[in-house]
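This is what each chain is made of:
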Amino acid sequence: MKMMTVFPFTPEVKSIIRFRDQMAGYEIRAILSFKEHAVQLCEYQRQTGIFCTIEIEEALNQCDCLLLMNNNTKQTLDKYHKTYEMAKNDGKEITMSMVLWHEMFPDQEPDSQVHLLSNVEPVKEYFECSQLLEIQVPIVAVMGLGESCDKFETQMQMKEAFKEKGYHAYSLSSNDLGSLFSMDTYPEFMHQKNLSFSEKVF
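Residues numbered from 1 in each chain as written. Predicted model: local features only at pLDDT ≥ 70, side-chain atom pairs only at ≥ 80, totals over all residues. Heavy atoms only, no water.

### Describing the packing of aromatic side chains
Piece 1. Under the defined criterion, the tally for this structure stands at 9 aromatic pairs.
Piece 2. A ring pair is formed by F7 and Y80, whose centres lie 5.0 Å apart and whose planes are at 70°; its orientation type is edge-to-face. Placement of the pair is F7 in strand β1 (residues 2-7) and Y80 in helix α4 (residues 78-89), with a sequence separation of 73 residues.
Piece 3. In this structure an aromatic cluster arises from ring pairing among F7, F34 and Y80. (Phe/Tyr/Trp six-rings, centres within 6.5 Å; stacked < 30°, edge-to-face > 60°. Helix = DSSP H or I, 4+ residues; strand = E, 2+ residues; numbered from the N terminus.)

Structure follows, in structure tokens:
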């Protein structure tokens, strides 16, 4: 079991904490965030018992690995870079999405210390056909009008509910964080803007 620190404090962090018992191989020990979140962190620590801080060194002392959340609120990347560098120098495993990696380090490749939450494009030779087939099982889709509208939270709740009811449901998440909860995620080509919708489907 690896001890994890999460940075920064975002709405999705609350979903991760709520369903942390379903994380495979990780235990969340600390939440690190920006100084403007200090009051929220204090209250959240009181509610959950998880160590919360705005000090990078204090947070990293609690963990073996660091999870960097996507920069959806468009914060400056200064604290992202500083946290990344300190974790790297301490030999911590660093986990992040490919989207965040390219935002922080454009035109660079990660080394073995960095784990990207991504699903590379499958090799086309594995496909037996390239036609639309009729789906023989029920499908429940979770959709929204944009970011930060609780799609991931809803999907996690549904995943848990189906499991409690005894269903063997397959979960496919458009959020890279899904891979931390034994869900498959969209292949990277699904996010490419130079491909049409029909090309992505086929």
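Picking up after the structure, the text goes on.
### Some thoughts on a negative patch on the surface
Piece 1. Together, E55, E57, E58 and D90 make up a region of like negative charge exposed at the surface.
Piece 2. Along the chain, E57 turns up in helix α3 (residues 56-60).
Piece 3. On the basis of relative accessible area, E57 is assigned to the exposed category, the value being 54%. (Patch = residues over 30% accessible without salt bridge, like charges linked within 9 Å, V, L, I, M, F, W, Y side chains within 5 Å. Areas by Shrake-Rupley, 256 points an atom, 1.4 Å probe, with all protein chains shown as cover. Salt bridge = Lys/Arg side-chain N within 4 Å of Asp/Glu carboxyl O. Lys, Arg positive; Asp, Glu negative; His and termini not counted. Charge placed at Lys NZ, Arg CZ, Asp CG, Glu CD. Buried < 20%, exposed > 50% of the residue type's maximum accessible area, 1.4 Å probe, protein only.)

### Looking at the environment of K165
Piece 1. The topology assignment puts K165 in the loop between α6 (151-164) and β7 (172-173).
Piece 2. Classification of K165 by relative accessible area gives exposed; the value is 68%.
Piece 3. With 129 residues separating them in the primary sequence, K165 and E36 have C-alpha atoms 41 Å apart.

### Concerning the pattern of salt bridges
Piece 1. As enumerated under the stated definition, the model contains 4 salt bridges in all.
Piece 2. The closest approach of N and O atoms between E93 and K2, which form a salt bridge, is 2.4 Å. Of this pair, E93 sits in strand β5 (residues 93-97) while K2 sits in strand β1; the two residues are 91 residues apart in sequence, bridging distant segments of the chain.
Piece 3. Assessed through its relative accessible area of 35%, K2 is described here as partly exposed.
Piece 4. When the shortest N-O distance is used, the salt bridge between D111 and K88 registers 2.3 Å.

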